[in-house]
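For reference, the chains in residue letters:
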Amino acid sequence: MNIKTDISTDAVLTADTHLIQSFADLNLLKQDGARTVIVGAEGAMVRDSEGNELIDGIGGLWCSNVGHGRREIIDAITKQLNELDFYSTFYNFTHPTAAALAEKLAELAPGQLNKVYFGNSGSVANDSAVRILHHYNNRLGRPKKKKILSRIGAYHGSTHLAIAMTTPAYSVGWDHVEGLVHHLKSPHYWREGDGMTEAEFCDALVEDLKDTIERLGAENIAAFVAEPIQGAGGVVVPPEGYHARMAKVCADNDIKYIADEVVTAFGRLGHFFASQDVFGHTPDIINTAKGLTSGYQPLSATIVSDEIHEVISRPGGMFLHGMTYSGHPAAAAAGLANIALMEKEQIPEKARVTGKLFENTLRGLADLDIVGEVRGSHFMMGVEFVRDKETRESFAPEDAIGLKLARAAQKRGLIARPLGNILILSPTLILTEAQIGQIGDILRESIADVSRNL
Ligand SMILES: Cc1ncc(COP(=O)(O)O)c(C=O)c1O
């Protein structure tokens, strides 16, 4: 692994007292040993400042899809910076790399999703989709058609608007836009199914959508936003047929369907995009980020349909939305090189096989006493831990079960992400069978270890 070895952990941690970490318990972080300094990465592995080699079980943050240290992407970024370090895509300016990436995304995206707005994060992609649809409805003379339907358990980002679309649990003690977003029921069958069959549960979710449309009025609702599989809300796979049925109700009511594919795109579920190939429907907008560049550069894309674009490009209005770094040359170069690598190495296709093996390996943990549910698909998995397997009683927050398990796994060479009573695994898509087996073994040992000391 090509890394610096002369890094002093203490020096980094001293400097780091000036850095505010994201989604962190800032009080806990004041304690020594609560932070890990990552200094190098290659392939599916990262290395910390103490010299420990760890399997990157969270793929950076659901994003290092092709793995770390890929020369092809690093070289493409360098070449781009040497040719054109920066120019914006504002006004009448453009540049070859952003144009080529937009064309490539239009080719990969399903249906009539042919127009691309670039941003620099998943949050911005979601904000952009909402702003574009609000403007679209203004253009159509429907100024009241603005509300957004989201869901309990959703995660759509951290800007003031995206956090309003996110499940309320993510903004405890924080503010968000009021009155704009309505949260539909969670699609989590195992927790919310309540004696229903999965098909009945799906019916109930569709009814919830219909009732909400009736109550709020379709003339007031711009869009429904949904992750194909909820990620940071706990890796929740909806019941069979859910997305296509929800999409049909939306279409019948002239409500746009925004698929938040920030996590699920670029091979994580075995396809470039999951909406059509995995869930059988074509949304009106797909938002993506993360795996778009495999994290080598910050970049997001809001991919909109020809129909939406036709309305917002009619004479008599302006596209008054833009970020300086939209379509940044280095980020666009990273996106193109990343996609080229995925195509050359058939990474999404291979992920259909290795991702299934990964999924099944994790499902094998279901026999353990404190494992309540193992859920997810391919390289997007969550394991929920329970105090009582029969009643599904949760651990209390003070048990810090996820955190204890993540620490036990890290001690054994695996980074996993704790989320309350859940461990999330979203590794690189290039894991070998041996590494997948190793992850299964580490998790089994870690769970046994933590269980013994409960
Ligand atoms: C589904 C989903 N949407 C949006 C976001 C926000 O992306 P970003 O953190 O790049 O703003 C995330 C981040 O994890 C996500 O998982």
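Residues numbered from 1 in each chain as written. Predicted model: local features only at pLDDT ≥ 70, side-chain atom pairs only at ≥ 80, totals over all residues. Heavy atoms only, no water.

1. Considering the overall build of the protein
Stated precisely, the cut-off is as follows: Strands here mean DSSP runs of E at least two residues long; helices mean DSSP runs of H or I at least four residues long; both are numbered from the N terminus. We compute the radius of gyration over the C-alpha atoms and compare it with the globule rule, which gives 2.2 Å times the number of residues raised to the power 0.38. Accessibility here uses a 1.4 Å probe with only protein chains present; expressed as a share of the type maximum, an area under 20% marks a residue as buried, one over 50% as exposed, and anything in between as partly exposed. Should any heavy atoms of two residues lie within 4.5 Å, those residues are considered in contact.
When you go through the protein residue by residue, the secondary structure sums to 15 helices and 16 strands. Against the compact-globule benchmark of 22 Å for 454 residues, the protein has a radius of gyration of 22 Å, which places it among compact chains. Oriented by its inertia axes, the alpha-carbon framework of the protein measures out at about 65 × 60 × 40 Å. Residues counted as buried form 54% of the 454 residues belonging to the protein. Taking as baseline every contact in the protein between residues at least 6 positions apart, the subset at least 24 positions apart corresponds to 71%.

2. Re the site of the ligand
The test is simple: We call a residue near a molecule or strand as soon as one heavy atom of that residue lies within 4 Å of the molecule or strand. Pairs of N or O atoms are called polar contacts if they sit within 3.5 Å, as long as, within protein, a hydrogen donor faces a hydrogen acceptor (for residues adjacent in sequence, only side-chain-to-side-chain pairs). Using a 1.4 Å probe, the Shrake-Rupley method yields the accessible areas, and only the shown protein chains count as cover for residues. Asp, Glu, Lys and Arg are counted as charged, while Ala, Val, Leu, Ile, Met, Phe, Trp, Tyr, Cys and Pro are counted as nonpolar; the rest, among them Gly, fall into the polar class.
Residues in close proximity to the ligand include Ser121, Gly122, Ser123, Asn126, Tyr155, His156, Gly157, Glu227, Asp260, Val262, Val263 and Lys290, which together make up its full environment. Contacts to the ligand include Gly122, whose backbone N or O atom sits 2.8 Å from an oxygen atom. One of the backbone nitrogen or oxygen atoms of Tyr155 is found 3.4 Å away from a nitrogen atom of the ligand. Protein burial of the ligand: of its 390 Å² of free accessible surface, 84% is covered by the chains. The residue inventory of the shell around the ligand, partitioned by class, reads three nonpolar, six polar and three charged.

3. Structural notes on the packing of helix H4 (residues 96-108) against helix H12 (residues 329-344)
We count it as follows: A fitted line through C-alpha atoms serves as each axis, taken over the contacting stretch for helices, and the angle formed by two N-to-C directions is quoted from 0 to 180°. The scheme is simple: roughly parallel for angles under 35 degrees, roughly antiparallel for over 145, roughly perpendicular for 65 to 115, oblique for anything else. Crossing handedness follows the turn of the near helix against the far one: under a right angle anticlockwise gives a left-handed crossing, and clockwise gives a right-handed one.
Where H4 meets H12, the axes come as close as 8 Å, and the angle between the chain directions of the two elements is 40°. When the axis of H4 is compared with that of H12, the two are oblique. The handedness of the crossing between H4 and H12 comes out as left-handed. Packed against H4, whose contacting residues are Thr97, Ala98, Ala100, Leu101, Lys104, Leu105 and Leu108, the element H12 presents Pro329, Ala332, Ala333, Gly335, Leu336, Ile339 and Glu343 at the interface. Among the residues making up the contact of H4 with H12, the classes are represented as 10 nonpolar, two polar and two charged.

4. Considering helix H14 (residues 401-411)
Counting along an α-helix, one turn takes 3.6 residues, and residues three or four places apart therefore face a common direction. Under the convention used in this document: Note that the arc is computed from the directions linking the helix axis to the C-beta atoms.
Buried within H14 are the following residues: Ile401, Gly402, Leu405, Ala406, Ala408 and Ala409. The buried residues of H14 occupy an angular sector of 160° when the element is viewed end-on, so they sit on one face. Two residues or fewer past H14, Gly413 is found with a positive phi of approximately 105°.

5. What about helix H9 (residues 242-252)?
Here H9 has its buried residues at Tyr242, His243, Met246, Ala247, Val249 and Cys250. The buried residues of H9 all sit within an arc of 160° when viewed along its axis, so they share a single face. H9 presents Lys248, Ala251 and Asp252 as exposed residues on the side facing more than 90 degrees away from its buried surface. In this structure, the buried residues of H9 make contact with strand S5 (147-151), strand S6 (181-184), helix H8 (198-216), strand S7 (221-226) and strand S8 (256-260). Once H9 finishes, Asp254 follows within two positions and takes phi at roughly 55°, a positive value.

6. Some words on the sheet that holds strand S3 (residues 53-56)
For the record, the criterion: Only strands that DSSP links by at least two bridges are regarded as paired with each other.
Pairing is mixed in the open sheet, where four strands are placed in the order S1-S2-S3-S14. Every other strand in the sheet has two partners, leaving strand S1 (38-42) and strand S14 (414-415) as the edge strands with one partner each.

7. Here we look at unusual backbone geometry
Not every positive phi belongs to a glycine, and Tyr91 is a case in point at roughly 50°. Along the chain, Tyr91 turns up in the loop between helix H3 (71-83) and H4. Look at Tyr91 and you get exposed, because its relative accessible area is 75%. Of note in this structure, Phe266 is not a glycine but carries a positive phi near 55°.

8. Details of the domain arrangement of the protein
Operational definition: Each domain's extent is set by a domain assignment, obtained either automatically or from a database. Buried area is calculated as the accessible area (1.4 Å probe) missing from two parts once they are joined, with the contributions of both summed. Salt bridge, as used here: a side-chain nitrogen of Lys or Arg that lies within 4 Å of a carboxyl oxygen of Asp or Glu.
We note that the domain assignment places domain 1 (9-69 + 347-452) and domain 2 (71-345) within the protein. The partner domain 2 presents 37 residues to the 37 residues of domain 1 that form the contact. Where domain 1 abuts domain 2, roughly 3000 Å² becomes buried across the two surfaces, and 59% of that area is made up of carbon and sulfur atoms. Three residues, Trp62, Met380 and Arg392, lead the burial of domain 1 against domain 2; their summed loss comes to 22% of the area buried on that side. Applying the counting criterion to the domain 1 and domain 2 interface returns one salt bridge. The closest approach of N and O atoms between Arg191 and Glu384, which form a salt bridge, is 2.8 Å. At the junction of domain 1 with domain 2, the criterion picks out 23 residue pairs in polar contact (both at pLDDT 80 or more). Where the side of domain 1 that touches domain 2 is concerned, the elements lending two or more residues are helix H2 (59-62), helix H13 (347-363), strand S11 (371-377), strand S12 (380-388), strand S15 (417-419) and strand S16 (422-425). The dominant element in the side of domain 1 that touches domain 2, judged by the number of residues it contributes, is H13, at six residues.

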